[in-house]
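Observations on the model geometry
Spelled out from the first residue to the last, the chains are:
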Amino acid sequence: MKAVRKLATNRLELVEVATPRPGPGDLLVRVEACGVCGSDRHMLAGEYPTAVPVTLGHEFCGTVEEVGAGVTRFSPGMRITGDPNIACGHCPACRLGRVNLCENLVAIGVQRDGGFAQYVLVPEGQAYGLAASMPAIHGAFIEPLACCLHGLDVARIVPGQSVAVLGGGVIGMLMVQLARLAGAAVIVLVTRQAERRTLALEIGATHTIDPSAHDAVAALRALSPGGVDVVLECAGVPETFSGGVAMARSGGVVVVFGVTPQGVQVPVMPFDILVREIRIEGAYLNPHTHGRASAMIEAGTLEIDRLVSRTIGLDALPDALAAPPPRGEIKTVVLPWG
Ligand SMILES: [Zn+2]
Ligand SMILES: [Zn+2]
């Protein structure tokens, strides 16, 4: 089969490899679609740790082709989405139910072979059934949506609140829609790109700010005096983090969601956090949210089609990941058989 593998830092290649065989408890899944994530760029650049060599791709859906011994809930022909994050179940974090913080976490497409291939192995416990009628491309959004749902759970948005979403990529666009569904009254998307600001207004944002044209903090505070209840940092940029803290109202929350390169530091003012009681919380991965995300995608609750910028085959992926994302791009989806 064809697979796109990270062979070393900044070295990604389309290669021919043996189709994996399902071991006990495994599903062999024919990949229908796999989303390209910002994390894949970080992984390729060595800014986020991975196994080497490894097939990347953690946002996939597909059809079960074959099952290993002992599999009871799935059979060939069934459609699934895979939760890529495999927790060990016995470390201190797992025993507290904090599965995303597992000390021995193994992720499909990070530490073991993922969905940028024609087939992927998925342990039965990581699979969630999907309706046969659902467009495959939508299935590629379940994993990022599951992560966003965790971000929303951490933020605890309640109806009537004000929310700033920092970053206009696919995560920002999903967060805008989720904030609207959660009942936020004011939803401000902050992003430099005009196309993204326009799209955000059409799918749920009430306002947008161009941080390259305005002082984003001042502009935000003009829209929402005193700051916003919730800041969702989805850009992974140091300045965005600092600005986000300044955008939160006293008593508000800043959710750290974007991936900054490991090792990057940002100055913070403890006095400001103290006297304004700012809650700063990380939201990492998708603990217990994959099922909710697949239910939302299946139900068609969110605008997905307008977030798909392009679909590509495996052959075009190495170049696509080596180059910076094209202007205005929201999401690229890989169709391994296309
Ligand atoms: Zn991702
Ligand atoms: Zn664990």
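Throughout this document, residue positions are counted from 1 along each chain, in the order its sequence is written. The order in which chains are written sets their letters, starting at A; the order in which ligands are written sets their numbers, starting at 1. Selection of residues for local features in this predicted model requires a pLDDT of at least 70, selection of side-chain atom pairs for listing and counting requires 80 or more, and totals for whole chains, interfaces and linings are taken over all residues. As a rule here, side-chain values cover all heavy atoms of the structure and leave hydrogens and water aside.

Regarding the coordination of the zinc ion (ligand 2)
The coordination sphere of the zinc ion (ligand 2), as far as protein atoms go, consists of C88 (SG), C91 (SG), C94 (SG) and C102 (SG), spread over 2.3 to 2.4 Å. Considered as a linear motif, the donors of the zinc ion (ligand 2) on their single chain read C-x2-C-x2-C-x7-C. With a gap of 11 residues between them, C91 in the loop between strand 7 (85–86) and helix 2 (92–95) and C102 in the loop between helix 2 and strand 8 (106–107) connect regions that are remote in the sequence. Atoms of type N, O and S within 2.8 Å of a metal are treated as its donors, and for Na, K and Ca the window is 3.2 Å; water is not considered, so some sites may appear to be missing partners. To qualify as a helix, a DSSP run of H or I must reach at least 4 residues; to qualify as a strand, a run of E must reach at least 2; elements of each kind are numbered from the N terminus.

Some remarks on the pairing of strand 15 (residues 248–256)
Being paired, for any two strands, means DSSP has found at least two bridges between them. As paired strands, strand 14 (residues 228–233) and strand 15 are joined by five bridges and run parallel to one another. Bridged to V230 within strand 15 is V253. Note: strand 15 against strand 16 (residues 279–282), four bridges, orientation parallel. Bridge pairing in strand 16 places V255 opposite E281.

Re the domain arrangement of the chain
Each domain's limits were defined by an automated method or a database of domain assignments. Here the domain parsing of the chain yields domain 1 (2–141 + 304–334) and domain 2 (146–282). When each unit is reduced to the centre of its C-alpha atoms, the spacing between domain 1 and domain 2 is 28 Å. In this complex, domain 1 contributes 15 residues to the contact, which on the side of domain 2 involves 17 residues. Basic side-chain nitrogens of Lys or Arg form a salt bridge, by our definition, when they fall within 4 Å of a carboxyl oxygen of Asp or Glu. Where domain 1 meets domain 2, there are two salt bridges. Nitrogen and oxygen atoms within 3.5 Å of one another constitute a polar contact, given that in protein one can donate a hydrogen and the other can accept it, and given that sequence-neighbouring residues count only through two side-chain atoms. For the pair domain 1 and domain 2, the interface holds five residue pairs in polar contact (both at pLDDT 80 or more). Nonpolar residues are Ala, Val, Leu, Ile, Met, Phe, Trp, Tyr, Cys and Pro. Charged residues are Asp, Glu, Lys and Arg, and all others, Gly as well, are polar. Of the residues contributing to the side of domain 1 that touches domain 2, the split by class is six nonpolar, four polar and five charged. The contact criterion used is simple: two residues touch if any of their non-hydrogen atoms lie within 4.5 Å.

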